[in-house]
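Chains, contacts and geometry: an overview
Residue strings, one per chain:
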Amino acid sequence: MNTVKVRNLELGAGIPAICIPNVGKSQEEIISLTRHYKELPMDLMEWRADWFEDIDNIYNVTEVLTQLREILGDIPLLFTFRTKREGGVHTMNTDTYISLNKSVAATGMADLMDVELFTGDELVTDLISYIHQYNTKVVVSNHDFHKTPAKSDIIYRLRKMQDLGADIPKIAVMPQNKKDVLTLLAATEEMTTDFADRPIITMSMASLGSISRLTCEMFGSCLTFGSGETASAPGQLRAEELHSILQNIHRILL
């Protein structure tokens, strides 16, 4: 399987990366959290821009990106506007969503950008192509906060993301029982073993699915999300706890 290199971070090799989501609401809070997160075991930071109170003002978005880039240095930055239908906090129509992501890509300050699979095949393909012009990697994502689809459906979605040109396919699902967690893990293993030619990210959410955030190296997920001050999804562990557990699991697997 090919790995994905982002600055000094190689995704898909060794210990899974830890990404801390920044869900600050104001510019001041976002910047303050970023400075704090730099002191934590963080391999990359996700700016969850749907939480930003001035997200509709591209000038202010660019200003925040400029400051984040300066503070983070060589730590990669993932830009994500999560739509409400997939668990985000801000309503935005599709045209504006596309325009926002293209404007952010054109700044060249994001190392990776999240594009939601169900935005539409043609729109996703066009957006990926546009983002790639700026040497930025694309995470194509899907989030189901209600259920865990069948294993075959999870694999189908991940393969579709790969076919559309995602650098990293990502899926997060909600378990209703322990079997759902096993379904996600089995789908991850099968996708990685039989179909993936690039890194993937998978997770089962909530406390029930938290084991999937710890065993990602065993089953094939290249990255896991750990919380700093505030979690961006149910089931995220604190970054410090996550780091310690992932290190121990890696030693066991050697």
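Each remark here, short or long, concerns the structure printed above.
Please read these numbers as outputs of a predicted model, since none were measured by experiment. (Residues numbered from 1 in each chain as written. Predicted model: local features only at pLDDT ≥ 70, side-chain atom pairs only at ≥ 80, totals over all residues. Heavy atoms only, no water.)

On to the overall build of the protein, then. Within the protein, the secondary structure is distributed over nine helices and eleven strands. Taken over C-alpha atoms, the radius of gyration comes to 17 Å for the protein, in line with the 18 Å a tight globule of 254 residues would show. On the principal axes, the C-alpha backbone points of the protein span a range of 45 × 40 × 35 Å. The 254 residues of the protein split such that 55% are buried. Summed over its atoms, the accessible surface of the protein is roughly 10,800 Å², and 48% of this surface lies on carbon and sulfur atoms. Counting 24 positive and 34 negative side-chain charges, the protein places the centres of these two groups 4 Å from one another. (Helix = DSSP H or I, 4+ residues; strand = E, 2+ residues; numbered from the N terminus. Rg over C-alpha atoms; globule rule 2.2 N^0.38 Å. Buried < 20%, exposed > 50% of the residue type's maximum accessible area, 1.4 Å probe, protein only. Areas by Shrake-Rupley, 256 points an atom, 1.4 Å probe, with all protein chains shown as cover. Lys, Arg positive; Asp, Glu negative; His and termini not counted. Charge placed at Lys NZ, Arg CZ, Asp CG, Glu CD.)

Between helix H5 (residues 151-164) and helix H6 (residues 178-195), the shortest axis-to-axis distance is 9 Å and the interhelical angle comes to 45°. When the axes of H5 and H6 are compared, the pair comes out oblique. The chirality of how H5 crosses H6 is right-handed. Mapping the contact onto sequence places Lys151, Ile154, Ile155, Leu158, Arg159 and Gln162 in H5 and Thr183, Leu184, Ala186, Ala187, Glu190, Met191 and Phe195 in H6. In terms of residue class, the contact of H5 with H6 is built from eight nonpolar, two polar and three charged. (Axes fitted to C-alpha atoms, helices over the stretch in contact; angles between N-to-C directions. Parallel < 35°, antiparallel > 145°, perpendicular 65-115°, else oblique. Left-handed = near helix turned anticlockwise from the far one by under 90°. Contact = heavy atoms within 4.5 Å. Nonpolar A, V, L, I, M, F, W, Y, C, P; charged D, E, K, R; others polar.)

The next subject is the state of the cysteines. By the definition in use, this model includes zero disulfides. Cys222 takes part in no disulfide bond, and the closest cysteine sulfur, belonging to Cys216, lies 8.7 Å away. (Disulfide = S-S within 2.5 Å.)

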